[in-house]
Amino acid sequence: MKFIECPRDAWQGFHPFIPSEIKLEYLNQLIRVGFDTIDFGSFVSPKAIPQMQDTAWITERLDLSGSNTNLLAIVVNERGAADACAFEQIGYLGYPFSISETFQLRNTQATIAESFERVKRIADLCAKHKKELVIYISMGFGNPYGDVWAPEIVMEWVEKLSKLGANTFSLADTVGVAQVHDIGWLFTALIPHYPELEFGAHFHTQPDDWRIKIQAAYDAGCRRFDGALLGYGGCPMAQDDLVGNMPTERLVDFAKEQKELLCLDANELQKARTMFQQIVG
Ligand SMILES: CC(C)(COP(=O)([O-])OP(=O)([O-])OC[C@H]1O[C@@H](n2cnc3c(N)ncnc32)[C@H](O)[C@@H]1OP(=O)([O-])[O-])[C@@H](O)C(=O)NCCC(=O)NCCSC(=O)C[C@@](C)(O)CC(=O)[O-]
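Now for a look at the structure at hand. Just so it is clear, the structure is predicted and the values come from calculations on it, not from any experiment.

What counts, and at which threshold
Residues numbered from 1 in each chain as written. Predicted model: local features only at pLDDT ≥ 70, side-chain atom pairs only at ≥ 80, totals over all residues. Heavy atoms only, no water. Helix = DSSP H or I, 4+ residues; strand = E, 2+ residues; numbered from the N terminus. Expected span 1.5 Å × (residues − 1). Buried < 20%, exposed > 50% of the residue type's maximum accessible area, 1.4 Å probe, protein only. Near = heavy atom within 4 Å. Polar contact = N/O pair within 3.5 Å; in protein donor to acceptor, adjacent residues only side chain to side chain. Areas by Shrake-Rupley, 256 points an atom, 1.4 Å probe, with all protein chains shown as cover. Salt bridge = Lys/Arg side-chain N within 4 Å of Asp/Glu carboxyl O. Axes fitted to C-alpha atoms, helices over the stretch in contact; angles between N-to-C directions. Parallel < 35°, antiparallel > 145°, perpendicular 65-115°, else oblique. Left-handed = near helix turned anticlockwise from the far one by under 90°. Contact = heavy atoms within 4.5 Å. Nonpolar A, V, L, I, M, F, W, Y, C, P; charged D, E, K, R; others polar.

**Some thoughts on helix 7 (residues 151-162)**
The first and last C-alpha atoms of helix 7 sit 16 Å apart over 12 residues, in line with the 16 Å expected at 1.5 Å per residue. Buried within helix 7 we find P151, I153, V154, M155, W157, V158, L161 and S162.

Below you can see the structure in the form of structure tokens.
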């Protein structure tokens, strides 16, 4: 299983501002754990997400020496993509492409159609700077606004977006409404249909439904999972009540049960967990 740790999603909606030095120390600790990828920051408007205004400062100072961990930064427009592309350390740019019109507007001030045009330009930038583009299908399992959702809509957008050069798609349950049946249906349909693409699960969960969601995705062939220690965070642009991320601890438990090879250092993971507890109180 591939673990993507998402401190960016964990603290983007957190108040007050976490001092940059503390974020840096925590991210360096996460690097020592050995995650495949860390979704560590975003290059977005500081007015929209004040917590992330120090991503460039942090990027310059991260210590990746001797590490195989990849860095992923979220971008929502060309300006953010250009800023992220300037850093050699960042291998992946993630774009939240919402299939709910309401959320796309709330999150990026762009319609789905405008967002598609943005992705084209960001994909060009990625190709020019040799970065990998990761598309999050936000509200990928439904939305709280009453916008039409169907698994076929996910399929349709994956088809269109895959032609722009994205090799990785993370199906995002942005507000934790995914039904087990839909999770199974989508991964079962997508994974064999696009053997050249990687599909991941970016779940937000309630304390009682983490297991059935992971299990449904795993049984359908998904091996890429996003999580955040302590299950913290959520997207503040989605709704007032944040629905926490999939707790990394639960992902690790699940992986052990499945006898998956774990490439994470348990001691360093425990240290990171303690550090994060101190950060968020
Ligand atoms: C897209 C905009 C900018 C549109 O916002 P806007 O107000 O339409 O943009 P604008 O072009 O009018 O600019 C507004 C201000 O932001 C600045 N600005 C503009 N762009 C940038 C930039 N790249 N970097 C730094 N500053 C920027 C710009 O310079 C200006 O500053 P001012 O002149 O007023 O001082 C805004 O809505 C935004 O930044 N949104 C961020 C949304 C966000 O970060 N959401 C959370 C991450 S996505 C997520 O959590 C979902 C995910 C990935 O986890 C998966 C899932 O669960 O679904």
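Still to come is the rest of the account.
**A short note on the site of the ligand**
In the neighbourhood of the ligand, 28 residues make up the surrounding shell, with K47, R79, N107, S138 and T174 lying closest. One nitrogen or oxygen atom from the side chain of Q12 is found 2.9 Å from an oxygen atom belonging to the ligand. At 2.7 Å, a side-chain N or O of R79 approaches an oxygen atom of the ligand. Across the complex, the protein chains shield 73% of the 1,100 Å² of accessible surface that the ligand would expose by itself. Listing elements by their share of the shell around the ligand, those giving two or more residues are helix 1 (7-11), helix 4 (78-85), helix 5 (101-108) and strand 5 (132-138).

**Structural notes on the pattern of salt bridges**
Scanning the model with the defined rule gives 17 salt bridges in all. A salt bridge links K2 to E198; its shortest N-O distance comes to 3.0 Å. Of this pair, K2 sits in strand 1 (residues 2-5) while E198 sits in strand 7 (residues 198-203), and the two are 196 residues apart along the sequence. A salt bridge links E117 to K120, with the nearest nitrogen and oxygen atoms 3.2 Å apart. Taken together, the residues E117 and K120, both in helix 6 (residues 112-129) and three residues apart, mark about one turn of the helix. Taking the relative accessible area as the measure of exposure, E117 reaches 33% and is therefore partly exposed. The class for K120 is partly exposed, based on a relative accessible area of 31%.

**Structural notes on the packing of helix 4 against helix 6**
The interhelical angle for the contact between helix 4 and helix 6, taken along N-to-C directions, is 15°, at an axis separation of 9 Å. In this view, helix 4 runs roughly parallel relative to helix 6, as classed from their interaxial angle. Between helix 4 and helix 6 lies a crossing of right-handed hand. Contacts between helix 4 and helix 6 involve E78, A81, A82 and C85 from the first element and R118, R121, I122, L125 and H129 from the second. Taken together, the residues that form the contact of helix 4 with helix 6 break down as five nonpolar, one polar and three charged.

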